[in-house]
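Each chain, letter by letter, is given below.
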Amino acid sequence: KVAAAASAPQRSGRLLAVDTLRGMAALAVVAFHYTTRFTELYGAQNAPASYAVPWGHHGVNLFFIISGLVIFMTLERTKRPLDFVVSRFSRLFPAYWAAVALTFTVVSVFGLPGKEVSTAQAAANLAMVHGLARVPHVDGVYWTLEVEMLFYAGTLALFMAGRLRRIHFVLWALLSLRIAYQLLSSLAGIELSWTLSRLLILPYLPWFALGMCIYQYTRAAARPPTGVTMVTVSLITVALLVKEGAGIAALAAILAALVWLAATGRARWLENPVLSFFGTISYPLYLLHENIGWVVQRAVLARGGSMDLSILVAFVVAVALATLLTFAVERPAMKAIRARYAAARRWPS
């Protein structure tokens, strides 16, 4: 199994199949927002769409599982904390800042009821953790980026403390705390600190934890004893059951199995050029699709187009913008920042 993980096809240091799953997750979220969520917010204008994807928002759960896997793969190659910071900054922020600017401009010019923000609020969005101060998002999908940033901060802190190899103890404590939050709320009506829950990403922790478990089982050096893994998986299952129910717990098992198959090279069907392309543009597509897509949908509908046509046009626009952002901003900026950092390390001032 370890050999299979090591020999799985890679692209730019990342597992191709895992990247493709990220693209599929982004497509699921896009489909949800353009069908189900748009109708909830703005109604089924003209005529309802011929299809809907009400389950598409679970693509976010898949994102979180993948993050739990990939961040530990990144830390595996990290020698110093600043390496990790530069890696994550170069990967996330240039494309994010460009998306914030573009989305804010489009919504400000064309309007989108209930989604406009002020210039000051848009500027606050640039920090990516603005939700902690309850600043509204320039685009609703940004809430997940704050969760990701808090997860990165936590794993970096453990890395700096030299505790990553014993992370299961941290997971046990946090998962137990999540279970306690839910039981105290549902059985005794006691609500514990919202801020603490947010900072510790307790509502989303089981999904990240699944990714961590997958990482450990694709890396022999990181693999804990079987009993330790069973305790972790049991706590993840209980944490999901007491809050989300059996259906979501089953979904978690299915998504985790998909990521495990991809991470160990057992999902060769994911090495499809079309799916791989969406894996390549997945982050910009996720950043840009929602509000800009809704502006496009409303414009098409206002001109007498059908819901199906509005979805198609919005999707084409989102993919075009995401492709442009990927190859004009995300990749060049990431390459330049990392090259500059590498040069600074070789030639310290």
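Below is a summary of the structure that appears in this document.

Conventions and cut-offs
- Residues numbered from 1 in each chain as written.
- Predicted model: local features only at pLDDT ≥ 70, side-chain atom pairs only at ≥ 80, totals over all residues.
- Heavy atoms only, no water.
- Helix = DSSP H or I, 4+ residues; strand = E, 2+ residues; numbered from the N terminus.
- Buried < 20%, exposed > 50% of the residue type's maximum accessible area, 1.4 Å probe, protein only.
- Contact = heavy atoms within 4.5 Å.
- Expected span 1.5 Å × (residues − 1).
- Arc of directions from axis to C-beta.
- Salt bridge = Lys/Arg side-chain N within 4 Å of Asp/Glu carboxyl O.
- Phe/Tyr/Trp six-rings, centres within 6.5 Å; stacked < 30°, edge-to-face > 60°.

1. Comments concerning the environment of Phe38
And step 1. One can find Phe38 in helix α2 (residues 16–42).
And step 2. Judged by relative accessible area, which is 0%, Phe38 ranks as buried.
And step 3. For Phe38 and Gly189, which are 151 residues apart along the polypeptide, the C-alpha to C-alpha distance reads 34 Å.
And step 4. In contact with Phe38, other than residues within four places in its own chain, are His33, Gly43, Gln45, Trp294, Gln297, Arg298, Leu301 and Met307.

2. Topic: the side chain of Thr36
And step 1. Here Thr36 lies in helix α2.
And step 2. A relative accessible area of 15% places Thr36 in the buried class.
And step 3. Once you skip the residues sitting within four places of it in the chain, Thr36 turns out to touch Ala31, Ala52, Val53 and Pro54.

3. Digging into helix α7 (residues 167–188)
And step 1. With 22 residues, α7 extends 31 Å from end C-alpha to end C-alpha; this agrees with the ideal 32 Å at 1.5 Å per step.
And step 2. Here α7 has its buried residues at Ile167, His168, Leu171, Leu174, Leu175, Arg178, Ile179, Tyr181 and Gln182. Projected down its long axis, α7 shows its buried positions confined to an angular sector of 145°, all on one face.
And step 3. One or two positions beyond α7, positive phi appears at Gly189, with a value near 70°.

4. Examining the pattern of salt bridges
And step 1. On inspection of all chains with the given rule, the structure shows eight salt bridges.
And step 2. Between Arg37 and Glu40 there is a salt bridge whose closest N-O contact spans 3.0 Å. Taken together, the positions of Arg37 and Glu40, both in helix α2 and three residues apart, correspond to about one turn of that helix.
And step 3. Among the ionic contacts, a cluster of salt bridges with common partners joins Arg80, Asp83 and Arg345.

5. A few points about the environment of Ala250
And step 1. Of note, Ala250 is situated in helix α11 (residues 246–263).
And step 2. Separated by 13 residues in sequence, Ala250 and Thr237 have C-alpha atoms that sit 9.0 Å apart.

6. Thoughts on the packing of aromatic side chains
And step 1. In total, this model carries 19 aromatic pairs according to the counting rule given.
And step 2. Relative to Tyr152, the ring of Phe84 has its centre 6.3 Å away and its plane inclined at 90°; by these criteria the two rings are edge-to-face. Taken together, the residues Phe84 in helix α4 (residues 81–110) and Tyr152 in helix α6 (residues 143–160) connect sequence positions 68 residues apart. In terms of burial, Phe84 and Tyr152 fall into one category: buried.
And step 3. Both rings, one in Phe151 and one in Phe208, keep their centres 4.3 Å apart while their planes meet at 25°; by these two values the pair is stacked. Within this pair, whereas Phe151 is found in helix α6, its partner Phe208 is found in helix α9 (residues 205–217), the two being separated by 57 residues in sequence.
And step 4. With relative accessibility at 0%, the residue Phe208 sits in the buried group.

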